2 protein chains.
Amino acid sequence: MATIKDVALKAGVSMATVSKYLNGGNVRQAHKEKIRSAIEELQYRVNPFARGLKAQRSPYIGVLLPEIDVPFYGNVVSALEKVLREDGFHCIMSSYSSDHGLERDHLQFLLSSGIEGLVYIPEHLTAEEFYELTSRYRIPTVLVDRMIQGVDADCVLVNNAEAVQEAMERLIKKGHKRIAFVAGPQPMFTAKERMVGYFRSLSDHGILYDEALLVNQPTTFATGYQSAQKFMNLPNPPTAIVATNYDMTLGLISGLRDMELHIPEDVQVFGFDSIELRTVLRTPLPIVHQPEEEIGKTAAKYLLDRLRGFAGEGRITRLNCTVYPKADA
Amino acid sequence: MATIKDVALKAGVSMATVSKYLNGGNVRQAHKEKIRSAIEELQYRVNPFARGLKAQRSPYIGVLLPEIDVPFYGNVVSALEKVLREDGFHCIMSSYSSDHGLERDHLQFLLSSGIEGLVYIPEHLTAEEFYELTSRYRIPTVLVDRMIQGVDADCVLVNNAEAVQEAMERLIKKGHKRIAFVAGPQPMFTAKERMVGYFRSLSDHGILYDEALLVNQPTTFATGYQSAQKFMNLPNPPTAIVATNYDMTLGLISGLRDMELHIPEDVQVFGFDSIELRTVLRTPLPIVHQPEEEIGKTAAKYLLDRLRGFAGEGRITRLNCTVYPKADA
DNA sequence: AAAGAAAGGCGAATCGTTTCACTTTTATCC
DNA sequence: GGATAAAAGTGAAACGATTCGCCTTTCTTT
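The residue numbers shown here count from 1 along each chain, following its written sequence. As a convention, the first chain written is A and the first ligand written is 1, with the rest following in written order. Reporting in this predicted model follows two pLDDT cut-offs: at least 70 for local features of residues, and 80 or more for side-chain atom pairs to be given and counted; totals over whole chains, interfaces and linings ignore these cut-offs and use all residues. Side-chain metrics in this entry use all non-hydrogen atoms of the structure; hydrogen atoms and water are not considered.

**Quick word on the relation of the copies chain B and chain A**
You can overlay chain B on chain A at an RMSD of 0.1 Å; the transform is a turn of 180° with a shift of 0.0 Å along its axis. Taken together, the turn and the small shift mark the pair as related by a two-fold rotation axis. Take the interface residues of chain B: 100% of them recur as interface residues in chain A, which is what a same-surface contact looks like. Only residues with pLDDT of at least 70 in both copies count here: their C-alpha atoms drive the least-squares fit that superposes the copies. Any two residues whose heavy atoms approach within 4.5 Å at even a single point are treated as in contact.

**A closer look at the protein's contact with DNA strand C**
The environment of DNA strand C is formed by 26 residues, the closest being Asn26 and His31 of chain A together with Ile4, Ser19 and Arg51 of chain B. Across the atoms of DNA strand C situated within 4 Å of the protein, the share located in sugar and phosphate is 69%. Two N or O atoms form a polar contact when they lie within 3.5 Å of each other; inside protein one atom must be a possible hydrogen donor and the other a possible acceptor, and for residues adjacent in sequence the pair counts only when both atoms belong to side chains. Note that a phosphate oxygen of DNA strand C is positioned 3.2 Å from one of the backbone N or O atoms of Arg28 of chain A. Between Arg51 of chain B and DNA strand C, the recorded distance is 2.7 Å, taken from a side-chain N or O atom to a phosphate oxygen. Labels follow the DSSP assignment, with helices taken as runs of H or I lasting at least four residues and strands as runs of E lasting at least two, numbered in each case from the N terminus. Broken down by secondary-structure element, the contributors of at least two residues to the surface near DNA strand C are helix 2 (15-22) and helix 4 (48-55) of chain A together with helix 2 (15-22) and helix 4 (48-55) of chain B. With 4 residues, the single largest contributor to the surface near DNA strand C is helix 4 of chain B. Amino acid classes used here: Ala, Val, Leu, Ile, Met, Phe, Trp, Tyr, Cys and Pro are nonpolar; Asp, Glu, Lys and Arg are charged; the rest, including Gly, are polar. Across the surface near DNA strand C, the residue classes tally to 10 nonpolar, 8 polar and 8 charged. Only heavy atoms are used to decide nearness, and a residue is near a molecule or strand if one of them lies within 4 Å of it.

**Quick word on the protein's contact with DNA strand D**
As a structural note, the neighbourhood of DNA strand D is formed by 28 residues, with Ile4 of chain A together with Thr17, Lys20, Asn26 and His31 of chain B the closest of them. Counting only the atoms of DNA strand D that lie within 4 Å of the protein, the sugar and phosphate share comes to 67%. Between DNA strand D and the protein, one listed contact pairs a phosphate oxygen with a side-chain N or O atom of Asn23 of chain A at 3.1 Å. Measuring from a phosphate oxygen of DNA strand D, one finds a side-chain N or O atom of Asn26 of chain B at 2.9 Å.

**Description of the domain arrangement of chain A**
When the domains of chain A are assigned, the result is domain 1 (1-44), domain 2 (50-158 + 294-321) and domain 3 (160-289). Annotation comment: domain bounds sourced from an automatic or database domain assignment. Once you take the C-alpha centre of each, domain 1 of chain A and domain 2 of chain A turn out to be 35 Å apart.

**Thoughts on the sheet that holds strand 10 (residues 287-289) of chain B**
Residue and element names in this part refer to chain B. Note: two strands are recorded as paired if DSSP finds a minimum of 2 bridges between them. Spatially, the 6 strands line up as an open sheet ordered 7-6-8-9-10-12, and their pairing is mixed. The sheet is open, and its two borders are formed by strand 7 (214-216) and strand 12 (322-324), each paired with just one other strand. Strand after strand, the sheet turns through a mean of 15° between neighbouring axes, direction not considered. Axis lines are fitted to C-alpha atoms, over the contacting stretch for helices. Their N-to-C directions set the angle, which ranges from 0 to 180 degrees.

**As for the sheet that holds strand 8 (residues 240-243) of chain A**
Residue and element names in this part refer to chain A. Strands sit in the order 7-6-8-9-10-12 across an open sheet of 6 strands; the sheet is mixed. In the strand order of this sheet, the two ends are held by strand 7 (214-216) and strand 12 (322-324), each with one partner. The average undirected angle you get between the axes of adjacent strands in this sheet is 15°. Where strand 6 (residues 179-183) and strand 8 come together, 4 bridges link them in parallel fashion. In the sheet register, Ile179 faces strand 8, and the bridge partner there is Ala240. Contacts between helix 8 (residues 160-173) and the sheet are confined to strand 6, strand 8, strand 9 (268-272), strand 10 (287-289) and strand 12, with strand 9 contributing the most and set at about 165° to the helix. The strands that helix 11 (residues 246-258) touches are strand 6, strand 8 and strand 9; relative to strand 9, the one it contacts most, it runs at about 155°.

**Quick look at the packing of helix 2 of chain A against helix 3 (residues 29-42) of chain A**
Residues and elements named next belong to chain A. Look at helix 2 against helix 3: their axes get within 11 Å of each other, and the N-to-C directions meet at 90°. Comparing their axes, helix 3 and helix 2 come out roughly perpendicular. Facing Thr17, Val18, Tyr21 and Leu22 of helix 2, the residues of helix 3 in contact are Lys32, Ile35, Arg36 and Ile39. Across the contact of helix 2 with helix 3, the residue classes tally to 5 nonpolar, 1 polar and 2 charged. For this classification, under 35 degrees means roughly parallel, over 145 means roughly antiparallel, 65 to 115 means roughly perpendicular, and everything else is oblique.

**Some details on the interface of chain B and chain A**
Between chain B and chain A, the residue contacts involve 55 residues of the former and 55 residues of the latter. Of the roughly 5,000 Å² buried where chain B meets chain A, counting both sides, 61% is carbon and sulfur surface. Salt-bridge detection follows one rule: a side-chain nitrogen of Lys or Arg within 4 Å of a carboxyl oxygen of Asp or Glu. Inspection of the chain B/chain A interface yields 2 salt bridges. Between Glu67 of chain A and Lys82 of chain B there is a salt bridge whose closest N-O contact spans 3.6 Å. In this structure, the connection of chain B to chain A is made through 22 residue pairs in polar contact (both at pLDDT 80 or more). The set of elements that each furnish at least two residues to the side of chain B that touches chain A consists of helix 4, helix 5 (71-86), strand 2 (90-95), helix 6 (100-111) and helix 11 (246-258) of chain B. The leading source of residues in the side of chain B that touches chain A is helix 5 of chain B, at 7 residues. We define buried area as the total accessible area lost by two parts upon association, computed with a 1.4 Å probe and summed across both.

Now the structure itself:
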């Protein structure tokens, strides 16, 4: 494999000059040509390890998330990766299966593996734990989808409470008063925010909160499925149910189907996240859609800003969800 | 940041000994203890760049795929990543948007970024292009989901033709004779294989092939959606339609719904890939399910074998799909 | 045309490991 | 206990880039 030395030799200049050429320093036009063609001929590529060692700089961005195979994250990461790649960065992906221990371990693992920046969807880590791990590295970080209270970093979120409120608004306007809510576990950032929207809507419309109509469980298909049974077997079942992520929506619909209940006649469902799912049911499913692509792009932009030297307080962006159907027909 | 020198100093041994310790050489028990505690105290971590430079070895595995946000790939990668991580590897993920040029560029990009191994879901690259790019690097490669004709590498596939045949079998047994087929573009490996299954079933049952009942288009929601219209507007529409990936299945169902057609009364649908989708419709959707987790695990295992020195011809594994409902009721 | 400034070029040190070629210590065996 | 073998330890030379400080060339300006 050709080294910078080979290129220098073939181009008739010093290694230092080739290095300058590679890194955009001042090089005479004639020499540029020679170096370019030497590189071409030798098929020279910068050795990322040598560069990383000497220059403390790498093309790697760490991406740490709870699960790779959740469509929402997949879509966010897809957009993220495309933007970062255009700036010559590679994404090192790591998922921690929503496990606290793994979350810490993989964060450590990523940090110690030479990343330049970090995109992080956190779940369990506290500010103390986060700082304990990251402080020695001084790596620019963007938190996505969730915040960590007390961490000063760029942060890309959506307006969870407002989106849920809009969904609730639609249901209430249609006459629903008993509305159930399927949310993630209490400590989860998005679960909390979405619950705020739920409670706020109830109180805005003078509806009494019934704890039988709230589920806080892992954001899985099973949770949605079981919620269907739990709610619909109540003596006084809800007339509408809001599910707050994709898997729970799917599970909920599946559970209702297995109880031979119809949507929307027997119970209305408000879903979350999968815009494609919306149109496969007999009656189009109303849904809260998060701007996944925009989330990914924004996160990438924030990170690139920092990598280019932007300093300053952590910036927090709230992107708006879209509620479908768009116009309230 | 502490270096091996600091550790050596604090432990009272030479750098070489520390290095041996780190890499599992012979070190006296007493020294092991000292080194361990020195590392602990100094919070020493191996510098991956220095190691990569000197030892020509890195913890990075390249993963190159058409799209990150296709659930099938997401599930495969998720399993893959978990296995590789347990062996201390990081996945560098790159998607090429099903674009030929990007496919080549990103492969190059990954290769030149110091990866130890490659997991690759190819689409457009020929054997010549593949070898032209990879030959200088000698990096173990596992092809997943698709083969490249003429490339000698480990390969993890599913029994596409047989799975489709089984789906067709079920439909035919139920009395269907006009069965439409929504497949990916002709050159695509899986599309070709699945079509083989389709044609074989037709001929096995003496059903004449009608080209109006075959679609070869990009594997997208739109393709599925348009196929619904195309097929059902025929003077002699099919009584069943098989869609051969997740997005096309979803699009197909959505298209049928918008034509106010019912499944299965007006037309039966056989779906592909999303096991969760199966149970949300009024009538459970029959579906071909690929063993995504097993695919990922197998690919990881193959790659680890190679990284541990296994040599020999490329091994090809065909995993079996499951057709739901499981027992033919 | 001379002086000063700017641009371009170079040698050598350096980043933090691993590994080679030895030397020294410990263990084994008759 | 001495010879021999095996285990453990070491110094120093790489790996392939970047960068600092200094020197040379070229350009600008009067």
